[in-house]
Amino acid sequence: MYIEQVDNRALSDCNVLIVDDDASSRLILETLLTDMVSCVSVDSGKAAIEHCRFKKPDLILMDVSMPELDGHATTALLRKKPQCESIPIIFVTSSSTEEEESKCWNSGCVDFVVKPVNACTLLNRVKSHLKNKIRNDLLEKLIYIDKLTGAYNRHYLDDYLPRLVRDGLRNVTPLSLVILDIDHFKLFNDMYGHLDGDSCLWKVSQCISDTLKRPMDKLVRIGGEEFLVILPNTDTKGAAVVTKRLLETVYELNIKHDASEFDRVTLSAGLSTKNADDEKTIDYVMLEADKNLYLAKTDGRNRLKVEGLDEAEYDTPVRETKRRILV
């Protein structure tokens, strides 16, 4: 990914999540917005949180008065999740009192509209906040995105990872890190040239990104051909399943690599997990993942290594080779 490709989004590319327990209110909002943006509607705060786990909206229209989780409580829970804390939320409220207005601002919304909704007001406020979101996303990408691969860079890692560690400790959830390395990449560059090497890096990065299912899962380029996959709220076994899928999908790309024993580009991987109740530092977890990557390399490549699981549960089968490595 080169800098000219970083972002070219329009309003029509944006996704708005409508959260309201009243079906007629959801229909009205969706009808007003559908010509400008893509809309998804859910009927509760709980459903909104679940939706954001798998697809991060560009903006949320949140009804204030809902049973179980009201708009204020739902917003507070979303703001605790690193992947959701920057989503602009506009409250839709039936009260215009000063007390209610103050409560809305204190809950973390960026704006609010009063029912019955004025169509012109709603459209212009949504448009304004989405344009700001597009600009902010572009700025973030210019700062945090590796220009060649489209993965996040080390600046992002330095800012994002400490927040995830704190989040895991607060919510008592595990955090898994996977270090991936393209096998025999120096030989690939020597044989095919650096332009093809850059193309290979981009294809592998896009393949990994497309395979990761959750918005919270992040891909970071940490070295020349080395990547880090961050898997919040994922234990060792779950992370091993994800990593096996990543190795398989890159294998299935079938990028020609005549200097590899597999005749194609493959990945090796090392995994480590920080549980909320252990005393590991995040630096130690990174070192442990790197050590496991080394073991994967020395044990034949195109595989994952991780301590604490029976190897039969996670080890990626090495494909039959046509010849030995040309070194």
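Conventions used here
Residues numbered from 1 in each chain as written. Predicted model: local features only at pLDDT ≥ 70, side-chain atom pairs only at ≥ 80, totals over all residues. Heavy atoms only, no water. Domains from an automatic or database assignment. Contact = heavy atoms within 4.5 Å. Buried area = accessible area lost by both parts, 1.4 Å probe. Salt bridge = Lys/Arg side-chain N within 4 Å of Asp/Glu carboxyl O. Phe/Tyr/Trp six-rings, centres within 6.5 Å; stacked < 30°, edge-to-face > 60°. Helix = DSSP H or I, 4+ residues; strand = E, 2+ residues; numbered from the N terminus. Buried < 20%, exposed > 50% of the residue type's maximum accessible area, 1.4 Å probe, protein only. Lys NZ or Arg CZ within 6 Å of the ring centre and 35° of its normal.

Notes on the domain arrangement of the protein
Here comes step 1: Domain annotation for the protein reports domain 1 (3–143) and domain 2 (154–306).
Here comes step 2: Spacing between the C-alpha centres of domain 1 and domain 2 amounts to 33 Å.
Here comes step 3: Facing the 10 residues of domain 1 at the interface are 10 residues of domain 2.
Here comes step 4: Together, Arg-53, Pro-82 and Gln-83 form the three largest contributors to the area buried by domain 1 at its contact with domain 2, with a combined 52%.
Here comes step 5: Connecting domain 1 to domain 2 are one salt bridge.

Digging into the packing of aromatic side chains
Here comes step 1: According to the stated counting rule, one finds six aromatic pairs in the structure shown.
Here comes step 2: Where Tyr-156 meets Tyr-160, the ring centres are 4.8 Å apart and the plane angle is 20°; that geometry is what we call stacked. In this pair, Tyr-156 and Tyr-160 are both assigned in helix H6 (residues 154–171), four residues apart and thus about one turn of the helix distant.
Here comes step 3: A relative accessible area of 7% places Tyr-156 in the buried class.
Here comes step 4: Judged by relative accessible area, which is 1%, Tyr-160 ranks as buried.
Here comes step 5: Put simply, the rings of Tyr-144, Tyr-152, Tyr-156 and Tyr-160 touch in pairs and so form one group of aromatic residues.
Here comes step 6: Note that Arg-264 overlies the ring of Tyr-251, its terminal NZ or CZ placed 4.1 Å from the centroid.

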